[in-house]
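# Observations on the model geometry
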Amino acid sequence: MRRLLPCLLTGLLASSPALASGVDATWILRQLAQPAPSQTNFVELRGSALLKEPLRVEGQYRRPDAGTLVREVRTPYAETTTIADGQVSIARTGKPPRVFALQRVPELADLQASFGAMLAGDLAALEQNYRLQASGSAQRWQLQLTPKAEALARRVRSVILHGQNAELRCIETQPAKGELQRTLLGGAATAAAAVRDAAALNGLCSAGGTR
């Protein structure tokens with residue numbers, strides 16, 4: 001479950017005052033809002049002091065309808081996590097699915113609510129669970145989310161979204177304990193397909209790379 005929370009944060013996106021560049025949390029959410037169905041490929045980079053380079057996990061996020069979030073891992077193993085109808089299902093090939101009620105894990109319930117708020121562009125709803133701080137420009141921006149609830153803060157210290165124009169390209173999740181996790185999305189995930197060097201992969205997150 002400790003691994004699942006930062007990963008599902010990837011499905012998410014104090015209101016900041018407008019910057020000189022014109023970028024604030026409201027503007028960013030307006031760019032990222034999208035109706036279902038939607039999908040995007042991802043490349044997760046999980047750091048570890050025991051590994052010479054980050055563990056690389058590839059797959060796809062899907063939102064078939066407004067109430068469902070699916071995270072499908074394809075490499076280096078196959079696993080599908082589905083949040084829908086108040087339940088979480090984790091399925092692996094050759095094993096029966098693990099199913100449990102969302103209410104057993106309040107942190108995941110908060111994440112699901114925040115995911116819906118993000119896709120609806122509902123700043124007020126998102127601020128119920130996070131303090132938001134925007135920075136950068138319309139061409140290259142960041143949005144930092146800091147959990148308000150103690151239960152979630154015990155697991156996740158912060159989440160930083162990196163984007164270019166209307167595209168979310170990377171999410172950096174800092175667990176309360178453990179190494180920083182980076183998730184490349186959209187164009188950044190596509191660019192990562194031909195990259196194996198750890199430093200270059202991490203650079204795709206902060207620098208954005210070529211679109």
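Our subject in this report is the structure included herewith.

The rules behind the values
- Residues numbered from 1 in each chain as written.
- Predicted model: local features only at pLDDT ≥ 70, side-chain atom pairs only at ≥ 80, totals over all residues.
- Heavy atoms only, no water.
- Pairing = 2+ DSSP bridges.
- Helix = DSSP H or I, 4+ residues; strand = E, 2+ residues; numbered from the N terminus.
- Salt bridge = Lys/Arg side-chain N within 4 Å of Asp/Glu carboxyl O.
- Buried < 20%, exposed > 50% of the residue type's maximum accessible area, 1.4 Å probe, protein only.
- Phe/Tyr/Trp six-rings, centres within 6.5 Å; stacked < 30°, edge-to-face > 60°.

The two faces of a sheet get side chains in turn, since along a regular strand they alternate between them. As defined by bridge partners, strand S5 (residues 87–92) adjoins strand S6 (residues 98–101) across four bridges and the pair is classed as antiparallel. Directly across from Gln87, in S6, lies its bridge partner Ala101. Hairpin geometry of S5 and S6 is characterised by an intervening segment of five residues between the two adjacent antiparallel strands and by a positive phi of about 85 degrees at Gly94.

The full count for this structure, using the stated rule, is eight salt bridges. Residue Glu150 pairs with Arg154 through a salt bridge whose shortest N-O separation is 3.5 Å. Looking at Glu150, the relative accessible area reads 60%, which means it is exposed. The residue Arg182 makes a salt bridge to Glu172 at a minimum N-O spacing of 3.0 Å.

The subject of this paragraph is the packing of aromatic side chains. Scanning all chains against the criterion turns up one aromatic pair. Pairing Phe42 with Tyr61 gives two aromatic rings, centres 4.8 Å apart and planes at 45 degrees, and the pair type is tilted. Separated by 19 residues along the polypeptide, Phe42 in strand S1 (residues 38–46) and Tyr61 in strand S2 (residues 55–63) bring together distant segments of the chain. By relative accessible area, Phe42 is classed as buried at 1%. Residue class for Tyr61 comes out buried when judged on its relative accessible area of 5%.

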